[in-house]
Amino acid sequence: MGFLDIRNVTKSYGAVEVLHRVDIAVDEGEFLVLVGPSGCGKSTLLNMIAGLESISGGEIAIKDRVVNGVHPSKRNIAMVFQSYALYPNMTVGQNITFGLEMHGTPRPERDRALAEVAKLLQIDHLLDRKPGQLSGGQRQRVAMGRALVRDPDVFLFDEPLSNLDAKLRVDMRTEIKKLHHKLKRTIVYVTHDQIEAMTLSTRIAVMNKGYVQQLGTPKEIYDSPANLFVATFMGSPAMNIIPAKLVVENGRALAEITDAGGKPLRLGFGAGNYSAWEGREILLGIRPEAITDPEGADRNSHNVQPLHNMVTVTEPAGADTFVTMVLSGKDVIARMRADAAVHPHQPFDFAVNMEKAVAFDPKTGDRIQA
Amino acid sequence: MSVASQDTAVSTGRITRMLIYLILLLFALFYLLPLYVMGVNSVKPLSEITGGNMMALPQEWTLDPWRSAWSTAQIGVQATGLKPYFLTSILMVVPAVVISTMIGAINGYILTKWRFKGDTIIFGLMLFSCFIPFQIVLIPMARVLGILGLAGSVPGLILVHVVYGLGFSTLYFRNYYAAFPTELVRAAQIDGAGFFRIFWRIMLPVSGPITVVCVIWQFTNIWNDFLFGASFGGTTQPMTVALNNLVQSSTGVKEYNVHFAAAILAAIPTLIVYIVAGRYFVRGLMAGSVKG
Ligand SMILES: Nc1ncnc2c1ncn2[C@@H]1O[C@H](COP(=O)(O)OP(=O)(O)OP(=O)(O)O)[C@@H](O)[C@H]1O
Ligand SMILES: [Mg+2]
């Protein structure tokens, strides 16, 4: 039993079901991120927690109280909207305290709460301005202030950073994280940016087409994706997916692929029992950072294997150099140190950290548990 | 080459612009001419009009025609001037405009932010009411007013104009509020504001421009209406009907100077609304509020 329980929740618009049996228990103080491509139902789920959308099936409970029929203002939640939704006719101060005013909080107490929040978010000097006179980042702060001042049980964020420019987005991301460390409040945060999801969350729910594909810590999601969708959605550049054949040799599972010239190559998996898949086609998943030059290989890994292949393209990107090659007829990207001595159209000795490799069933897309 | 062509472009631009201004000026003068005629002749003794040039400035300035039009002219059977009718018009127009605008605003608010099953059909029907000609509703309306016991009274006229104005005021506000971000309403709901509180505190404060448009539209329409006033006014007739009675009366000499003064009196309120509210509108109450 969590702090916020989403139990078997479905949502239908007419005959169309857009959310299917979502089941998530969020503990107190957790930072849950709902991430997924556009239209997967993230906002719908968030709005259902907020009470802005009705619940078609299942139930949502906050602190063990089922809130299905409870009005948004009585759920003790606060929401930060993508567009900030600041009241244009009110000053920043009035915007922040409007909720308290509606809940009948006396004036002196409102002023005290406002001062506290304004100080926390460093917007003291903006309190008399109208939203129209603020920059994007400042509006963002005010919107957060409006949520914070209510001291709710659960904070709901719907893509709060997506209207900001790249640099500000990174800054605000850090601030939100700091805020969470400081206040230790329960947060549900919607984004379609997987980096935001990885950096902010204590747990991530990856969603697609109305289904929760995987629920887990950022590390679980990144290192042990439950299926191809999660594997390719999380991480940038995306995980390389290479068609391979599974062979077993001396009791050890190997993925057989071909190099750029069509010559067969074998990469051995670490521990794990793949015997059920012997002789069958699989999809081998390797993250770009698991393919490096031999010096750049992870020293803590027990299973780094050499791979000799032709380099197609190199793309220096400052801190890293992205190197493209062809394996089993597919473009595969490796992420290397900037000073790796790698050149296009020349063969190179790569090192593959097979400890981080995963295998997928090509038919269902599910990860092969070994 | 390009420089030369640019030069000619600029100079032709200047000439064209001067031409446009000239034409606009001529049109403006043309349209202002009737107002000039009315103004000039309303401050002349009658003899100067009947005996001379309508366009000339008065030789003898007088305000008697205005006084007469306002308080002593023969209208129908009584020599009351336009004063009582003016009052009737005000008593009719102000509540009718206020009520139809308020209801239109609430309708627009509901139709955009509190959607319900069949709301588009209802809006479609309301929209349709904008296109129903006055004549068609005359007889049913007379019957309704009779049943309600409001026939021939100011409240009856108010009701007629509110009902007829609702289609337009709803249309205005619905379209305006459709562009108003729904997230604001949701935020206010979470903040704990109810239906009317959201309307009052969030929607209305940014509704200035559309309210002005709606008020101008309703005011001029209702003030200028003749048909409903003549049909349902009974003894409490509005300004337009009285003006008609004054001008059309067949007894006695036609006092053109009084007619001119009366016509201006009848037009003044709408003029004031245009001048005052129009400026308010242009200044723009929205300045940097919702957008951005
Ligand atoms: N009122 C509605 N009627 C019918 N379908 C709807 C309605 N609102 C949303 N949907 C559908 O529900 C699905 C989920 O929508 P939702 O807004 O939750 O997506 P999202 O994950 O938040 O996407 P985005 O990242 O673009 O915001 C979409 O396929 C959408 O078309
Ligand atoms: Mg969304």
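Basis of the calculations
- Residues numbered from 1 in each chain as written.
- Chains lettered and ligands numbered in written order.
- Predicted model: local features only at pLDDT ≥ 70, side-chain atom pairs only at ≥ 80, totals over all residues.
- Heavy atoms only, no water.
- Helix = DSSP H or I, 4+ residues; strand = E, 2+ residues; numbered from the N terminus.
- Buried < 20%, exposed > 50% of the residue type's maximum accessible area, 1.4 Å probe, protein only.
- Contact = heavy atoms within 4.5 Å.
- Areas by Shrake-Rupley, 256 points an atom, 1.4 Å probe, with all protein chains shown as cover.
- Lys, Arg positive; Asp, Glu negative; His and termini not counted.
- Charge placed at Lys NZ, Arg CZ, Asp CG, Glu CD.
- Near = heavy atom within 4 Å.
- Polar contact = N/O pair within 3.5 Å; in protein donor to acceptor, adjacent residues only side chain to side chain.
- Domains from an automatic or database assignment.
- Buried area = accessible area lost by both parts, 1.4 Å probe.
- Salt bridge = Lys/Arg side-chain N within 4 Å of Asp/Glu carboxyl O.
- Pairing = 2+ DSSP bridges.
- pLDDT = per-residue confidence, 0-100.
- Core = buried A, V, L, I, M, F, W, Y, C linked by side-chain atoms within 4.5 Å.
- Expected span 1.5 Å × (residues − 1).
- Phe/Tyr/Trp six-rings, centres within 6.5 Å; stacked < 30°, edge-to-face > 60°.
- Lys NZ or Arg CZ within 6 Å of the ring centre and 35° of its normal.
- Axes fitted to C-alpha atoms, helices over the stretch in contact; angles between N-to-C directions.

Student: Got a minute to help me understand the overall build of chain A in this structure?
Tutor: Broken down by element type, chain A carries eight helices and 20 strands. By principal-axis analysis of the C-alpha atoms, chain A measures approximately 75 × 45 × 35 Å. Burial analysis of chain A (370 residues in total) assigns 52% to the buried set. Taking the contacts inside chain A whose residues are at least 6 apart along the sequence as the reference set, 66% of them involve residues at least 24 apart. Carbon and sulfur atoms form 49% of the exposed surface of chain A, whose accessible area is close to 16300 Å². Averaged over its 42 positive side-chain charges, chain A has a centre that lies 5 Å from the centre of its 43 negative ones.

Student: Looking at this structure, how should I read the site of ligand 1?
Tutor: All names here are of chain A. The full set of residues close to ligand 1 is Tyr13, Val18, Ser38, Gly39, Cys40, Gly41, Lys42, Ser43, Thr44, Glu159 and His192. Within the backbone of Gly41, one N or O atom sits 2.9 Å away from an oxygen atom of ligand 1. In isolation ligand 1 exposes 630 Å². Once the protein is present, 57% of that is buried. Ranked by residues supplied to the shell around ligand 1, first place goes to helix H1 (residues 42-50) with three residues.

Student: Where do I start with the domain arrangement of chain B in this structure?
Tutor: By a widely used convention, the size of an interface equals the accessible area lost when the partners come together. All names here are of chain B. Domain assignment breaks chain B into domain 1 (3-67) and domain 2 (83-289). Each of domain 1 and domain 2 has a C-alpha centre, and these two points are 32 Å apart. Contact residues are listed per partner, giving eleven residues for domain 1 and eleven residues for domain 2. Across the domain 1 to domain 2 interface the summed buried area is about 970 Å²; carbon plus sulfur atoms make up 85%. Of all residues in domain 1, Met38, Leu46 and Trp66 give up the largest surface area on contact with domain 2, accounting jointly for 56% of the area buried on that side. Taken together, domain 1 and domain 2 are joined by zero salt bridges. Connecting domain 1 to domain 2 are one residue pair in polar contact (both at pLDDT 80 or more). Contributing elements (two or more residues each) for the side of domain 1 that touches domain 2: helix H1 (2-41), helix H2 (46-51) and helix H3 (64-72). Among the elements that take part in the side of domain 1 that touches domain 2, H1 stands out by supplying four residues, more than any other.

Student: Any chance you could explain the pairing of strand E17 (residues 320-327) of chain A here in plain terms?
Tutor: For a regular strand, the rule is simple: side chains alternate between the two faces of the sheet. Residues and elements named next belong to chain A. Burial runs high along E17: six of the eight residues are buried. In this structure, strand E16 (residues 304-317) lies alongside E17, joined through six bridges in antiparallel fashion. Paired with Glu315 across the bridge in E17 is Phe322. Where E16 folds back onto E17 in an antiparallel hairpin, the turn is made up of two residues, including Gly318, whose phi is positive at roughly 80°. Bridging between E17 and strand E18 (residues 330-337) involves eight bridges; their strand directions are antiparallel. Bridge pairing in E18 links Asp320 to Arg337. Hairpin connection of E17 to E18: two residues between the antiparallel strands, including Ser328 at a positive phi of 50°.

Student: When you look at the sheet that holds E18 of chain A in this model, what are you seeing that I'm missing?
Tutor: What holds strands together in a sheet is hydrogen bonding between their backbones, with the strands either parallel or antiparallel. All names here are of chain A. Strand order in the open sheet formed by five strands is E15-E19-E16-E17-E18, and the pairing between neighbours is antiparallel. The open sheet terminates on both sides in strands that have one partner only, identified here as strand E15 (291-292) and E18. As paired elements, E15 and strand E19 (residues 347-353) share two bridges and run antiparallel to each other. Paired with Ile291 across the bridge in E19 is Val352.

Student: For this particular structure, what's the right way to read the confidence of the model for chain B?
Tutor: Caution is warranted with low-pLDDT regions, since their predicted coordinates should not be read in detail. All names here are of chain B. In the predicted model, chain B carries a mean pLDDT of 84, and 91% of its residues have values of at least 70. H2 is the least confidently modelled element of chain B, averaging 78 in pLDDT, while helix H9 (residues 195-203) averages 93, the highest of any element. Low pLDDT, under 50, characterises residues 1-6; the stretch is placed with zero contacts to residues that sit more than four places away or in other chains. Within the model, the stretch residues 284-292 combines pLDDT values under 50 with 14 contacts to residues more than four positions away or in other chains. Note on the complex model: pTM 0.82, ipTM 0.83.

Student: Would you mind going over the interface of chain B and chain A with me for this structure?
Tutor: Between chain B and chain A, the residue contacts involve 19 residues of the former and 29 residues of the latter. Our count for the contact surface shared by chain B and chain A stands at three salt bridges. For Glu53 of chain A, the salt bridge is made with Arg186 of chain B, and the minimal N-O distance between the two is 3.6 Å. Listed by contribution, the elements that provide at least two residues to the side of chain B that touches chain A are helix H8 (182-191) and H9 of chain B.

Student: Quick question: what am I supposed to make of the nonpolar core here?
Tutor: Within soluble globular proteins, side chains that are nonpolar tend to cluster in buried spots. Residues and elements named next belong to chain A. In this structure, Leu34, Ile60, Leu156 and Val188 are the most contacted members of the largest nonpolar core, which totals 56 residues. Not counting the four nearest positions on each side in its chain, Ile60 is found in contact with Leu4, Asp5, Ile6, Val9, Met48, Ile49, Ile55, Arg65, Val66, Val67 and Asn68. Tyr84, Val149, Leu179 and Leu200 belong to the second largest nonpolar core, which has 41 residues in total.

Student: Would you take a moment to explain helix H4 (residues 136-148) of chain A for this structure?
Tutor: Note: α-helices contain 3.6 residues per turn, so residues at a spacing of three or four share the same orientation. All names here are of chain A. With 13 residues, H4 should cover 18 Å at 1.5 Å per step; its first-to-last C-alpha distance of 18 Å lies within 8% of that length. Counting buried positions along H4 yields eleven of 13 residues, so the element is predominantly enclosed. Looking only at H4, the buried set comprises Gly137, Arg139, Gln140, Arg141, Val142, Ala143, Met144, Gly145, Arg146, Ala147 and Leu148.

Student: So what exactly am I meant to see when it comes to the packing of aromatic side chains here?
Tutor: Aromatic rings considered in pairs are described by the distance between their centres and by the relative angle of their planes. Tallied over the full model, the rule gives 25 aromatic pairs over all chains. Aromatic pair Phe157 of chain A and Tyr189 of chain A: ring centres 5.6 Å apart, planes at 35°, arrangement tilted. Of the two residues, Phe157 of chain A sits in strand E7 (residues 154-158) while Tyr189 of chain A sits in strand E8 (residues 186-191), which places them 32 residues apart along the sequence. Assigned by exposure class, Phe157 of chain A and Tyr189 of chain A land together as buried. Judged by centre distance (5.5 Å) and plane angle (75°), the rings of Phe86 of chain B and Trp223 of chain B are edge-to-face. One end of the pair, Phe86 of chain B, is in helix H4 (residues 83-113); the other, Trp223 of chain B, is in helix H10 (residues 208-224), and 137 residues separate them in sequence. Side by side, Phe86 of chain B and Trp223 of chain B carry an identical accessibility label, which is buried. It is Arg174 of chain B that lies over the ring of Phe123 of chain B; its NZ or CZ is 4.3 Å from the centre.

Student: I keep staring at the sheet that holds E7 of chain A and nothing clicks. Help me out?
Tutor: Residue and element names in this part refer to chain A. If you trace the six strands from one edge of the open sheet to the other, you get E6-E7-E8-E3-E9-E10, paired in mixed fashion. Because the sheet does not close on itself, it has two edges, and the strands there are strand E6 (77-80) and strand E10 (211-216). Along the sheet, successive strands turn relative to each other by an average axial angle of 15°, direction set aside. Taken together, the five bridges between strand E3 (residues 31-35) and E8 define a ladder with parallel strand orientation. Within the sheet, the bridge partner assigned to Leu34 lies in E8 and is Val190. Sheet contacts for H1: E3, E6, E7, E8 and strand E9 (203-208); angle to E7, the most-contacted strand, approximately 150°.

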